[in-house]
Amino acid sequence: MCGIVGFNGNQQAAPVLLEGLSKLEYRGYDSAGIAVFNQNEVEIVKAKGRLKSLMEKTNDGQSVNGTCGIGHTRWATHGEPSEDNAHPHISFHEKIVTVHNGIIENYQELKDRLLKEGYIFYSQTDTEVATNLIEFYYLKNKEPLKAISEAMMRIRGSYALAVMMKDYPDQIFVARKDSPMILGVSNQESYIASDVPAILKYTRNVYYIGNLEMACLKKGSISFYNLDGEEIEKECQEIKWDAQAAEKGGYEHFMMKEIHEQPKAVEDTLNSIIKDNQIVLDLEGLDISNLSQIHFVACGSAWHVSMACQYIFEDLTHIPVRVELASEFRYRNPLLSKKDLVIVISQSGETADSLAALRLAKEKGIPTLAIVNVLGSSIAREADYVLYTLAGPEISVATTKAYSAQLVLGYVLAIYFGKEKGLLEEEKVRYYLSELNTLPKKIERVLEDKERLQWFASKYSNAKDVFFIGRGIDYAISLEGSLKLKEISYIHSEAYAAGELKHGAISLIEDGTLLIGVCTQSQLYEKTISNMVECKSRGAYLMAVAPYGYYQIEDTANFTTYIPRIDEHFIGSLAVIPLQLLAYYLSVSKGLDVDKPRNLAKSVTVE
């Protein structure tokens with residue numbers, strides 16, 4: 001949500017800022033702006049709508065001079081999308097310019113105090129309040145870091161702030177609490193970004209600024225400070241991603257590129273934790289054999305991964321599993337035991353509710369394990385144990401390859417736990433691992449059927465309602481398929497455990513309603529088919545996802561897409577692919593922005 005970039009160097013800043021913002025469009029936004037210092041004066045340019053409007057205003061940045069600046073794409077929280085509410089914001093006395101990601105929870109209280117001090121506000125945003133608060137303290141002490149620190153101690157909420165000061169036109173100051181921020185340096189130039197792709201073209205050497213820390217960027221150097229203004233040391237880390245990984249690579253959309261990258265994402269993730277047909281995980285100190293319960297905590301698609309893992313973990317480990325929405329877990333005062341394990345799944349490693357849930361578990365002394373895709377992210381740094389998916393940068397808002405990488409990592413973790421508990425003998429472990437190693441090639445085979453799905457999507461682009469049903473693991477996959485469809489095609493869709501249809505949802509079935517049945521579990525196959533037949537008799541048009549060999553399903557379904565056979569614990573990784581493709585082609589057929597759907601953001605870093 002929202003994107004920040006900053007640059008301090010020797011070349012013109014505005015084009016660098018605009019290019020960086022273009023790499024962050026996937027985060028979701030409704031307005032954009034840049035601020036650049038030129039001969040001790042700051043020039044601010046903002047535009048409502050897409051970034052191209054800002055580019056047109058600035059002639060792709062060429063009309064804005066100066067070598068030190070900050071930029072922002074805003075996802076509205078306080079105040080409607082408008083140029084006044086867009087960032088950057090300038091303070092009342094024009095001493096301070098800021099951009100901000102996050103939410104300031106006590107902004108009204110701070111605003112009322114500043115109003116009494118004579119401050120006048122032009123926007124509805126919490127960011128302008130923070131900007132004026134920093135100025136208020138700066139005018140008192142004339143010390144930049146002290147002013148920012150004073151403001152930080154009075155702000156409640158989450159924030160990543162990039163601050164420029166009129167009296168320090170060749171420096172950019174940064175402050176962070178809970179919202180992601182990385183800083184980079186290369187060739188006497190310094191960079192700020194809320195995510196790696198924004199600066200990957202310029203540098204792979206980055207620093208992760210910690211919670212309640214500040215930084216000062218000069219040309220080619222970065223200094224870090226704690227809240228007391230004391231300088232602290234930071235270790236530079238190298239980003240391994242290839243810059244080309246954040247480009248479309250000839251595909252029309254990032255989403256289609258990332259769908260096709262799933263075989264590699266799955267293979268790379270498996271190869272990172274399976275060596276010589278042995279699972280290699282650094283979980284030293286975790287007492288797996290005595291775990292009493294596992295809590296999966298996640299949001300969105302990561303929650304759907306958790307739902308699938310629930311079935312597999314309970315079957316292979318005999319450990320009771322709860323799957324929790326992070327936004328609910330953190331507020332319901334969960335009953336946790338010291339013998340429990342909390343597993344947090346997050347692509348970005350910065351998901352606000354998941355991070356808060358992790359911290360709650362740690363406060364209660366519960367062991368925590370994170371599954372994330374971003375090295376050095378907040379969740380990765382704070383969890384007791386961390387496992388990384390190797391999906392690479394995922395740009396499309398609707399996740400595909402990160403989801404698939406999380407899912408296979410969950411499979412391996414379940415096998416490992418089952419082995420450590422003595423429930424799986426070596427022969428069974430080798431069988432499961434050999435099945436997993438076939439996944440990349442089998443995903444490629446599913447992708448070969450995309451033209452049929454494209455044809456089918458063209459017939460149903462005017463659908464008003466779509467229902468997904470399945471049982472067990474198939475239900476978990478249906479949840480993800482439904483989310484993909486509604487995210488990018490704006491078609492209302494719901495997923496139900498097939499046995500629940502008669503408890504209310506079947507009343508919504510009418511002539512022409514599209515119902516998609518996921519039918520991969522042999523023991524549940526006939527039950528799901530029966531539920532599909534009940535809907536067909538009420539006018540539903542049926543699509544089925546089934547393994548090769550289940551050709552009798554064509555007697556029931558109007559359209560079937562087939563997937564290769566594999567051990568049924570892992571078949572969800574194949575069943576989800578046609579559902580991703582269907583959602584993609586439906587969105588394309590409606591002429592929608594597949595990679596940047598309305599109202600959504602890639603990383604949800606606020607509540």
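Relevant structure appears above.
Now for a quick tour of the structure. Small disclaimer: the values here were computed from a predicted structure and weren't measured. (Residues numbered from 1 in each chain as written. Predicted model: local features only at pLDDT ≥ 70, side-chain atom pairs only at ≥ 80, totals over all residues. Heavy atoms only, no water.)

**Points about the overall build of the chain**
The helix and strand tally for the chain stands at 18 helices and 27 strands. Over its C-alpha trace the chain gives a radius of gyration of 25 Å, about what one expects of a compact globule, namely 25 Å for 607 residues. Across its three principal directions, the C-alpha atoms of the chain cover 75 × 55 × 45 Å. For the chain, the residues scored as buried account for 62% of the 607 residues in total. The long-range fraction of contacts in the chain, counting pairs at least 24 apart against all pairs at least 6 apart in sequence, stands at 72%. Summing over all exposed atoms, the chain offers an accessible surface of approximately 23,000 Å²; the carbon and sulfur share of this is 45%. The average position of the 63 basic charges and that of the 80 acidic charges among the side chains of the chain differ by 2 Å. (Helix = DSSP H or I, 4+ residues; strand = E, 2+ residues; numbered from the N terminus. Rg over C-alpha atoms; globule rule 2.2 N^0.38 Å. Buried < 20%, exposed > 50% of the residue type's maximum accessible area, 1.4 Å probe, protein only. Contact = heavy atoms within 4.5 Å. Areas by Shrake-Rupley, 256 points an atom, 1.4 Å probe, with all protein chains shown as cover. Lys, Arg positive; Asp, Glu negative; His and termini not counted. Charge placed at Lys NZ, Arg CZ, Asp CG, Glu CD.)

**Quick look at unusual backbone geometry**
Going from H87 to P88, the amide bond is cis rather than trans, its omega being 0 degrees. Its location among the elements puts P88 in the loop between β4 (68–74) and β5 (89–90). Positive phi outside glycine occurs at D276, with the angle close to 50 degrees. Take D276: it is sitting in the loop between β16 (274–275) and β17 (278–279). Judged by its relative accessible area of 78%, D276 falls in the exposed class. With phi around 60 degrees, H318 is a residue other than glycine that occupies positive phi space. Within the fold, H318 resides in the loop between α8 (300–317) and β19 (321–325). Given the relative accessible area of 55%, H318 is considered exposed.

**Here we look at the pattern of salt bridges**
Side chains that differ in charge, positive against negative, can pair when their charged atoms come close. Scanning the entire structure with this criterion turns up 25 salt bridges. Across the pair D593 and R50 runs a salt bridge whose closest N-O atoms are separated by 3.8 Å. Note that D593 is positioned in the segment after α18 (572–589) and R50 in the loop between β3 (41–48) and α2 (51–57), a separation of 543 residues in sequence. One salt bridge connects R154 with E150, and the closest N-O pair in it is separated by 2.9 Å. Taken together, the positions of R154 and E150, both in helix α5 (residues 144–154) and four residues apart, correspond to about one turn of that helix. Using a relative accessible area of 33% as the deciding quantity, one classes R154 as partly exposed. Overlapping salt bridges bring together K177, D178, R359 and E382 as one network. (Salt bridge = Lys/Arg side-chain N within 4 Å of Asp/Glu carboxyl O.)

**Considerations on the side chain of N85**
Within the element layout of this structure, N85 appears in the loop between β4 and β5. You can call N85 buried: its relative accessible area is 2%. When near neighbours in sequence (up to four residues on either side) are disregarded, N85 contacts R74, H78, G79, E80, S123, Q124 and T125.

**What about the nonpolar core?**
Ranked by internal contacts, the top residues of the largest apolar core, which has 94 residues, are I294, I415 and F417. Dropping the residues within four chain positions of it, I294 is found in contact with F313, I319, P320, V321, R322, L341, I343 and F417. One finds A14, V16, L51 and L200 within the second-largest nonpolar core, a separate group that totals 29 residues. (Core = buried A, V, L, I, M, F, W, Y, C linked by side-chain atoms within 4.5 Å.)

**Digging into the environment of V466**
If you trace the backbone, V466 turns up in strand β23 (residues 465–470). Judged by relative accessible area, V466 falls into the buried class, the value being 0%. Through-space distance from the C-alpha of V466 to that of S493 is 4.6 Å; in sequence the pair is 27 residues apart. Among all residues touching V466, those that are not within four sequence positions of it are L485, I491, H492, S493, E494, L514 and I516.

**Here's the deal with the state of the cysteines**
By the definition in use, this model includes zero disulfides. The thiol sulfur of C216 is not disulfide-bonded, and the nearest other cysteine sulfur, from C68, lies at 9.6 Å. Free of any disulfide, C309 has its nearest cysteine sulfur in C299, 15 Å distant. (Disulfide = S-S within 2.5 Å.)

**Some remarks on the sheet that holds strand β13 (residues 221–225)**
Strand order in this open sheet of seven strands is β5-β6-β7-β8-β12-β13-β14, and the pairing throughout is antiparallel. Here the strands that pair on one side only, and so sit at the sheet edges, are β5 and β14 (231–232). With two bridges connecting them, β5 and strand β6 (residues 96–104) associate as antiparallel partners. In the sheet register, H89 faces β6, and the bridge partner there is T98. Lying on the sheet, α5 is in contact with β7 (157–165), β8 (168–177), β12 (213–218) and β13; it crosses β8 at an angle near 25 degrees. (Pairing = 2+ DSSP bridges. Axes fitted to C-alpha atoms, helices over the stretch in contact; angles between N-to-C directions.)

**Details of the pairing of strand β18 (residues 293–298)**
Judged by how many residues are buried, β18 sits mostly within the fold: five of six residues are covered. Across five bridges, β18 lies against strand β20 (residues 340–346) in parallel orientation. Looking at β20, one finds that H295 is bridged to V342. Two strands pair when backbone bridges link them, and β18 and β19 are joined in this way by five bridges, in the parallel orientation. Opposite I294, over in β19, you have V321 as the bridge partner. Handedness of the crossover joining β18 and β19 through α8 is recorded here as right-handed. (Right-handed = clockwise from strand over helix to strand, strands pointing away.)

**Points about the packing of aromatic side chains**
Evaluation of the coordinates by the stated rule reveals 20 aromatic pairs. A ring pair is formed by Y168 and F173, whose centres lie 6.2 Å apart and whose planes are at 85 degrees; its orientation type is edge-to-face. What makes F173 buried here is its relative accessible area of 3%. Relative to Y460, the ring of F456 has its centre 5.5 Å away and its plane inclined at 25 degrees; by these criteria the two rings are stacked. The pair formed by F456 and Y460 is uniform in burial state, with each residue classed as buried. One aromatic cluster is present, built from ring pairs that chain together W455, F456, Y460, Y541 and F559. Across the ring face of F121, the terminal group of K111 is positioned such that the distance to the ring centre comes to 5.1 Å. (Phe/Tyr/Trp six-rings, centres within 6.5 Å; stacked < 30°, edge-to-face > 60°. Lys NZ or Arg CZ within 6 Å of the ring centre and 35° of its normal.)

**A look at the sheet that holds strand β10 (residues 189–193)**
One open sheet accounts for eight strands, arranged β3-β2-β4-β1-β10-β9-β11-β15; its pairing is antiparallel. Both edges of this open sheet fall to β3 and β15 (237–238), since each of them pairs with a single strand only. Two strands pair when backbone bridges link them, and strand β9 (residues 182–186) and β10 are joined in this way by five bridges, in the antiparallel orientation. Bridge pairing links S186 to E189 in β10.

**Focus on helix α3 (residues 107–116)**
Taken together, the buried positions of α3 are occupied by L110, K111 and L114. All buried residues of α3 fall inside an arc of 100 degrees around its axis, so they share one side. Buried-residue contacts for α3 involve β6, α4 (126–141) and α5. (Arc of directions from axis to C-beta.)

It is worth stressing that arrangement in space is one thing and function is another; only the former is reported here.
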